[in-house]
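Listed below, chain by chain, are the residues.
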Amino acid sequence: MPQIVIFILIASSLSAQEVPFHADPDEPLSRLGWTTLHISDAGLLGTVESVTSLGGGRELSRIKVVDTLWGQLDESHIMILTTVPGVFAAQEGRILVFVQRMTPGGKVFTNNGKFSLESKNGKNKLEILKRVIEIESIPDIHLRETSLRAFALRNLKHPNLWTQWNAAQEFFFLIRKHKRPLSPDERGQIADAALRSPDAKLTSYLHRILQLDPGKTLSNPLPPSSPPSNQEIRKVIPEHPESPPPTPASLEPRTLEERIHWLHKLASRSDPETVKILIKHLDYPNRQIRASAAFLLGSQGQPAVKPLLSHFPREPSPRVRQSVLKALAQLSSPESEDVLLAALREPETCWEAAYALATLSSDRARKSLQSHRDQFPANDPFRDYLDDLILRFPTVPKTSR
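Not measured: the values here are computed from a predicted model. (Residues numbered from 1 in each chain as written. Predicted model: local features only at pLDDT ≥ 70, side-chain atom pairs only at ≥ 80, totals over all residues. Heavy atoms only, no water.)

Student: Just checking my understanding: could you explain the sheet that holds strand β2 (residues 58-71) for this structure?
Tutor: Strand pairs in the sheet, formed through backbone hydrogen bonds, run parallel or antiparallel to each other. Strand order in the closed barrel formed by 5 strands is β1-β2-β3-β5-β4, with mixed pairing between adjacent strands. The sheet shows a mean angle of 50 degrees between the axes of neighbouring strands, taken without regard to direction. Across 6 bridges, the pairing between β2 and strand β3 (residues 77-82) is antiparallel. Residue pairing for β3: Ser61 is matched across the bridge by Ile80. Set on the sheet, helix α2 (residues 122-136) makes contact with β1 (42-55), β2, β4 (94-101) and β5 (108-116); between it and β2 the angle comes to about 55 degrees. (Pairing = 2+ DSSP bridges. Helix = DSSP H or I, 4+ residues; strand = E, 2+ residues; numbered from the N terminus. Axes fitted to C-alpha atoms, helices over the stretch in contact; angles between N-to-C directions. Contact = heavy atoms within 4.5 Å.)

Encoded structure:
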């Protein structure tokens, strides 16, 4: 049954002065606004009262209107014509549907998108839809962008996986459609979401977003509240991570969350001192810190490859090992191929290793993924994932290496 797909836009926290934004004030920002809202006359909550077959697969459904969420609709009942049988069913309960009049002032509508509120994620979809509609109605485009961005960033941390995917997909739309670079804080939050997600496909998707970020090569200085120089940075990091650092209280990250957030900010600098600090944190006693440091090293370029490869064999935590592989996926270095092939055979790391291998786009990596794929039965989720990777990352000719 066709369902509407609702996405959330995440945008840069850079101000309009830092990154010019020339969108028309009336131009929608969210993917929902660009697609379904743009072409629909109304979005409504309702119930299906009857469905009549007209032959040839066409059906005419009578919908009782309970509430109008988008547009203006005076009718208490509407008729929707569909050309695919089974789109509407009288027994399915409450639905949300977007409709468009077939003729100006006409009483028959076409269906632009629909989902059941009784479905697994129906409640989450409705809540997101209502909020996006509210945001799209804000007249000032910069305030609209700020509101939408903040809402989407919160959804990246939502416990519901569908909601996280929704935010990530709209983020992808932001980068491809609006060409908006990410701020250091946004890159940090997306990287952290990738680090924490148990869904390997979502992690891969978030990696892709970071790779496509048009601002990833820009200089992203630390905000004034962070250590402003390498000399002060050295004060914060202890020579032996297990012992308290002899630093002024104003500079020392006091909690686990503060240290993770601080590491994300440091990673935006991409200088040699930052690489050293992140490498040192690979041996931190807390595995969450080690996982964050490993993942963030993926943004530091070639100097991070060998430290990650040397740390991987001795790392006891499966989560940190996964983070090392996620970092190697960002770096896409041929040096990592042997380690990735070994990790592909381990149940705890096979998903991350598969993605990292695919990013290498080498003949050997591709053949290894194809061979490994054949070990799984049809319809196995991991086999499907490998198929997706093989299609999305074609082999690069050797002459282009």
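Here the narrative resumes, following the displayed structure.
Student: Before we go on, may I ask you to explain helix α10 (residues 287-297) in this structure?
Tutor: Each turn of an α-helix holds 3.6 residues, which means side chains three or four residues apart point in the same direction. The buried fraction of α10 amounts to 10 of the 11 residues, a majority that puts the element mostly inside the structure. Where the residues of α10 are buried, they touch α5 (184-196), α6 (200-212), α8 (256-267), α9 (272-281), α11 (305-311) and α12 (318-331). Two or three places before Gln288, at the opening of α10, Asn286 has a side-chain oxygen 2.8 Å from that residue's backbone nitrogen. (Buried < 20%, exposed > 50% of the residue type's maximum accessible area, 1.4 Å probe, protein only. Polar contact = N/O pair within 3.5 Å; in protein donor to acceptor, adjacent residues only side chain to side chain.)

Student: How should the environment of Ala89 be read in this particular structure?
Tutor: As for its placement among the helices and strands, Ala89 is situated in the loop between β3 and β4. Ala89 sits 42 residues away from Thr47 along the chain, and the two C-alpha atoms are 9.3 Å apart. Once residues lying within four places of it in the same chain are set aside, the contact partners of Ala89 are Val48 and Val51.

Student: What am I meant to see in the pattern of salt bridges here?
Tutor: Counting across every chain of the model gives 12 salt bridges. With a closest N to O distance of 3.5 Å, Glu136 and Arg144 form a salt bridge. Across the pair, Arg144 and Glu136 agree in class, each one buried. Ionic pairing is found between Asp283 and Arg314, a salt bridge with its closest N-O pair at 3.6 Å. Placement of the pair is Asp283 in the loop between α9 and α10 and Arg314 in the loop between α11 and α12, with a sequence separation of 31 residues. (Salt bridge = Lys/Arg side-chain N within 4 Å of Asp/Glu carboxyl O.)

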